[in-house]
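Report on the structure
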Amino acid sequence: MTSKILVIDDEPLLEYVIRQLFRHQISAQEFEFDFAINGVQALDKLQANSSFDLVLTDISMPEMDGLTLLEKLPAIDPTLKAVVISAYGDMPNIRTAMNRGAFDFLTKPIDFDDLKITINKTLEFVRFAREKEQQLVTANRQIHYQAFYDEITGFPNRNFLLKQMRSGMNSIRESGQLEAILFLTINRYQIVKYSLGHARAEQLLVEVARRLEAGNLNANLVARVGEDAFAIWLINITNSQLALDVAESIRQALEMPSNLNGTAVFSSVSIGIALDGIGTKDPEDLLRAADAARYEAVVRGAGSAVVFNVDMQSRALEQLQLETDLQNAINLQQFYLNYQPIVSCATGQLIGFEALARWRHPSRGLVSPSEFIPVAERTGLIVALGEWVLSEAVACLSKWHLQFPDYLSLNMSVNLSGIQLFSPNLLPLLDSLLQGYNLRGECLKLEITESVLMENAEAAGVLKSLKNRRVKICLDDFGTGYSNLSYLQLLPIDTLKIDRSFVCCMEEMGKNLALVGAILNIANSLELEAIAEGVETQEQLIMLRSLGCNSYQGYFFSRPLDEEKAVALLRAISPDRVTFASEHIT
Ligand code: C2E
Ligand code: MG
Ligand code: MG
């Protein structure tokens, strides 16, 4: 690399000497010289062209001397160094020059060798200083990037968004515009992460980011603000309908499934919207409000967009608290299982139990699984919780088999969340439980909801591995999803469980009766066993029996029981005893 040196002297001698000296040298290619006759001219050249590496300057010159020039150099380039050339014996000037930052000095008449050594030494120092500075700039840039950008999507992060919102807040308000935040989360992100792995989950994030970018949302900024969360900042909004329109555009942009290495994944999102004007003082409040509305959207179901209102804030806080409490609940052993009997419709014989998780919250009392299971799924805690449920239920069944030898074919149904189904731990855990308790696979039935099986093509593989262990599979809440019957036929399923929304009011509502009949026909033609859940009356049972339903569970026979009561029931009725409601047992 050529080094650029500016030589400043009012006498032409120095220029002449340098031109002579470097004329024949090979090293001449390494140096490029420029010349000025005083400080003023030198300053012009330095300011016009910032690529100089070294200044060689005389001291006494007209208009601006070398000492004055020295003072001005740091402002032009702090890494540029000057070597002063002074008449021999000019000691006070040399002292001043050094104090003003000169790197070295040479005396006239010039010693050529000394000149070369000094030039090389000074250039080396300059190079070193510039490298250091460059490293610092790069490190600074990296730190800035890490602090304000997300590495996976390249989008700005939460900090950057808040910083921009803060700095834009006043001017937006003065201009009479309204700002809004759309906070969105990817509904099935946890399932994708656990079923397809982190790498594909990241791919999904990038794909969502790309579509948001291409979606023409007219956004001021789109940021990634959480693991599966993005925020869209709009500043030209006049009413909430406009924000809802943007939410609709987002929904459309994400409608088509993403192709993640050959696997099609739907990435529907839940969107919360908060508009300025809700009394927020800090942008963080607006973001939090949008997040609270997003909680509401999650609860309302896939694909919803909800505009914030004040009631949502406290609900969102409760949710957050619930998440925190749930984290501790497993360690604090706040969970226990209830067991709901499952009986044959035809004979009333007790054939099994469904294990249902219960959470005894220290201050709230019993929390319903309908409340905590979705939270556990969203936070990924369902994996640990589900493993505990499975272990506990298997241990209990094995205990009952030993205690009640007549009930050796008694089976246990355990609910399995979608995320659990794809957890790499599931099969090893199952194997160790079946072996450890010496339990036959067919005594265990795993209940999986319809939507999980229908929306995840990889489910078929896991089901096959479960079937290899002879474990039974039950499609829970059947009828509430959108089963593709030809696909259903391909899955190794044993049982359809008719959702209780169809069973309830069967006797009053002709439509429900017809639906239950239709579901039983499907079960029949696919040669699947059918269980009805939520049977509360004798009429329902009689109808189900006449329609050919195999078994049922519900308050009519028994509510879910704690272990002690379940044992009492097993003790009270023998396996071949025909009975239709447990309260009839004396
Ligand atoms: P599910 O698997 O469909 O369980 C049946 C639900 O219906 C249970 O509610 C049960 O108590 C209730 N039920 C039973 N008979 C009747 C009846 O006659 N009338 C009425 N109205 N309800 C009846 P629960 O225990 O509140 O559980 C709700 C849901 O939470 C379960 O629905 C299941 O999806 C989920 N869940 C419960 N435990 C677990 C678990 O350990 N793991 C997973 N992944 N999910 C669980
Ligand atoms: Mg169930
Ligand atoms: Mg169910």
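Here, every reference points to the structure presented above.
Throughout what follows, the structure given in this document is the object of discussion. What you see is a predicted model; the values in this text were computed from it and never measured.

Helix and strand counts for the protein chain stand at 22 helices and 21 strands. Within the protein chain, the fraction of its 586 residues that count as buried is 48%. Restricting the contact set of the protein chain to residue pairs at least 6 apart, pairs at least 24 apart contribute 69%. Roughly 28200 Å² of accessible area belongs to the protein chain as shown, and the carbon and sulfur atoms make up 51% of that amount. Here the protein chain holds 51 positive side-chain charges and 72 negative ones, and the gap between their average locations is 3 Å.

Protein-derived ligands of the magnesium ion (ligand 3) are Asp-476 (OD), Asp-477 (OD), Glu-533 (OE) and Glu-533 (OE), with the metal-ligand distances lying across 2.1 to 2.6 Å. Sequence spacing among the residues donating to the magnesium ion (ligand 3) works out to D-D-x55-E. Separating the magnesium ion (ligand 3) from the magnesium ion (ligand 2) is a gap of 4.0 Å, bridged by Asp-476, which donates to each. Of this pair, Asp-477 sits in strand β18 (residues 472-478) while Glu-533 is found in the loop between β20 (529-532) and α21 (538-547), placing the two residues 56 residues apart along the sequence.

Both the distance between ring centres and the angle between the ring planes are used here to describe each pair of aromatic rings. Applying the stated criterion across every chain yields a total of 13 aromatic pairs. Here Phe-103 and Phe-125 contribute two aromatic rings whose centre-to-centre distance is 4.8 Å and whose plane-to-plane angle is 40°, an arrangement assigned as tilted. In this pair, Phe-103 sits in the loop between α4 (91-99) and β5 (104-108) while Phe-125 sits in helix α5 (residues 112-148), placing the two residues 22 residues apart along the sequence. Classification of Phe-103 as partly exposed rests on a relative accessible area of 24%. The exposure class of Phe-125 is partly exposed, given its relative accessible area of 37%. Between Trp-359 and Phe-372 the ring centres are 5.8 Å apart and the planes differ by 90°, which places this aromatic pair in the edge-to-face class. With Trp-359 in strand β14 (residues 350-361) and Phe-372 in helix α12 (residues 369-379), this pair connects stretches of sequence that are 13 residues apart. Here Trp-359 falls in the buried class, since its relative accessible area comes to 0%. Grouped by ring-pair contacts, the aromatic residues Tyr-145, Phe-148, Tyr-149 and Phe-160 constitute a single cluster.

Surrounding the magnesium ion (ligand 2) are the protein donor atoms Glu-354 (OE), Asn-415 (OD1), Glu-447 (OE) and Asp-476 (OD), at 2.0 to 2.3 Å. Along the chain, the residues that donate to the magnesium ion (ligand 2) are spaced as E-x60-N-x31-E-x28-D.

With five of five residues buried, strand β3 (residues 54-58) is to be regarded as a mostly interior element. Side-chain alternation along β3 places Leu-54, Leu-56 and Asp-58 on one buried face and Val-55 and Thr-57 on a second face that is also buried. The sheet contact formed by strand β1 (residues 3-8) and β3 spans four bridges and is parallel. Residue pairing in the sheet places Leu-6 in a bridge with Val-55 of β3. Relative to strand β4 (residues 81-87), β3 is paired through five bridges, and the arrangement is parallel. In the sheet register, Val-55 faces β4, and the bridge partner there is Ala-82. Tracing the backbone out of β3, into helix α3 (residues 66-76) and back to the parallel element β4 gives a crossover that is right-handed.

Let us look at the site of ligand 1. Taken together, 22 residues lie around ligand 1, and Asn-415, Asp-476, Arg-500, Glu-536 and Tyr-555 are the ones closest in. One of the side-chain N or O atoms of Arg-358 is found 2.9 Å from an oxygen atom in ligand 1. A distance of 2.6 Å separates an oxygen atom of ligand 1 from a polar side-chain atom of Arg-500. Summarising the interface, the protein chains cover 86% of the accessible area of ligand 1, which totals 800 Å² for the free molecule. Of all elements in the fold, only β14, α12 and β18 reach the threshold of two or more residues within the shell around ligand 1. In terms of residues, the shell around ligand 1 owes the most to one element, β14, which gives four residues. Its residues placed into classes, the shell around ligand 1 shows eight nonpolar, six polar and eight charged.

In this approach the atoms are scanned with a rolling probe the size of a water molecule, which exposes any empty space left behind. This structure, assessed with the given rule, holds two cavities of 30 Å³ or more. Space inside the largest cavity adds up to approximately 40 Å³. For the largest cavity, the full set of lining residues is Val-383, Gly-386, Glu-387, Leu-390, Gln-420, Ser-423, Asn-425, Leu-426 and Leu-429. Taken together, the elements giving at least two residues each to the lining of the largest cavity come down to α13 (382-403) and α15 (426-436). Looking at the lining of the largest cavity element by element, the count peaks at four residues for α13.

With mixed pairing, the five strands of this open sheet are ordered in space as β7-β8-β6-β11-β12. At either end of the open sheet lies a strand with only one pairing partner, and these are β7 (221-226) and β12 (305-307). Taking the axes of each pair of neighbouring strands and ignoring which way they run, one obtains an average angle of 20° across the sheet. With five bridges connecting them, β7 and strand β8 (residues 229-237) associate as antiparallel partners. Note on β8: the bridge partner recorded for Val-222 is Ile-232. Against the sheet, helix α8 (residues 198-214) engages β6 (178-186), β7 and β8, with an angle of about 10° to β8.

Moving on, we come to the nonpolar core. Counting residues in each nonpolar core, the largest one holds 87 residues, and the members touching the most others are Phe-353, Trp-400 and Leu-421. For this core, the leading source of residues is α13, giving ten residues. Aside from chain neighbours lying at most four places away, what touches Phe-353 is Tyr-339, Gln-340, Pro-341, Ile-342, Trp-400, Leu-410, Asn-411, Met-412, Ser-413, Ala-566, Leu-569 and Leu-570. Formed by 31 residues, the second largest nonpolar core is a distinct cluster that contains Leu-182, Val-208, Ala-243 and Leu-275.

Rules and cut-offs
- Note that residues are indexed from 1 along each chain, following the sequence as it is written.
- Chain letters start at A and ligand numbers start at 1, both assigned in the order the entries are written.
- Reporting in this predicted model follows two pLDDT cut-offs: at least 70 for local features of residues, and 80 or more for side-chain atom pairs to be given and counted; totals over whole chains, interfaces and linings ignore these cut-offs and use all residues.
- The basis for every side-chain value is the complete set of non-hydrogen atoms in the structure, without hydrogens or water.
- Counting from the N terminus, the helices are the DSSP runs of H or I reaching at least four residues and the strands are the DSSP runs of E reaching at least two.
- Residue exposure (1.4 Å probe, protein chains only): buried if accessible area is under 20% of the type maximum, exposed if over 50%, otherwise partly exposed.
- The contact criterion used is simple: two residues touch if any of their non-hydrogen atoms lie within 4.5 Å.
- Surface accessibility in these figures is a Shrake-Rupley result with a 1.4 Å probe; residues are shielded only by whichever protein chains are displayed.
- In this tally Asp and Glu are treated as negative and Lys and Arg as positive; neither His nor the chain ends contributes.
- Here the site of a charge means atom NZ of a Lys, CZ of an Arg, CG of an Asp or CD of a Glu.
- Each metal site is built from N, O and S donor atoms within 2.8 Å (3.2 Å for Na, K and Ca), and since water is not included, such sites may look incomplete.
- Aromatic rings from Phe, Tyr and Trp, with only the six-membered ring used for Trp, were paired whenever their centres fell within 6.5 Å, and each pair was classed as stacked if the ring planes differed by under 30 degrees, edge-to-face if by over 60, and tilted otherwise.
- DSSP-based pairing: two strands are paired if at least 2 bridges between them are found.
- By convention, a crossover is right-handed whenever its connection, traced from the first strand over the helix to the second and viewed with the strands pointing away, goes clockwise.
- For this description, a residue counts as near a given molecule or strand if any of its non-hydrogen atoms is within 4 Å of it.
- Pairs of N or O atoms within 3.5 Å make up the polar contacts considered here, provided that, within protein, one atom can donate a hydrogen while the other can accept it, and that residues adjacent in sequence are counted only when both atoms are side-chain atoms.
- Throughout this entry, Asp, Glu, Lys and Arg are counted as charged residues, while Ala, Val, Leu, Ile, Met, Phe, Trp, Tyr, Cys and Pro are counted as nonpolar. The remaining residues, Gly among them, count as polar.
- As defined here, a cavity is a set of points on a 1 Å grid over the protein atoms alone where a 1.4 Å probe fits but cannot get out. A pocket is an open set with protein on both sides within 12 Å along at least five of seven lines, and residues line them when an atom is within 4 Å of a point.
- Grid points are joined across faces, edges and corners, and a volume is the space filled by probe spheres set on the points.
- Axis definition: a line fit to C-alpha positions, over the contact stretch in the case of helices; interaxial angles, taken between N-to-C directions, run 0 to 180 degrees.
- Put simply, a nonpolar core is a bunch of buried Ala, Val, Leu, Ile, Met, Phe, Trp, Tyr and Cys residues held in one set by side-chain atoms that sit within 4.5 Å of each other.

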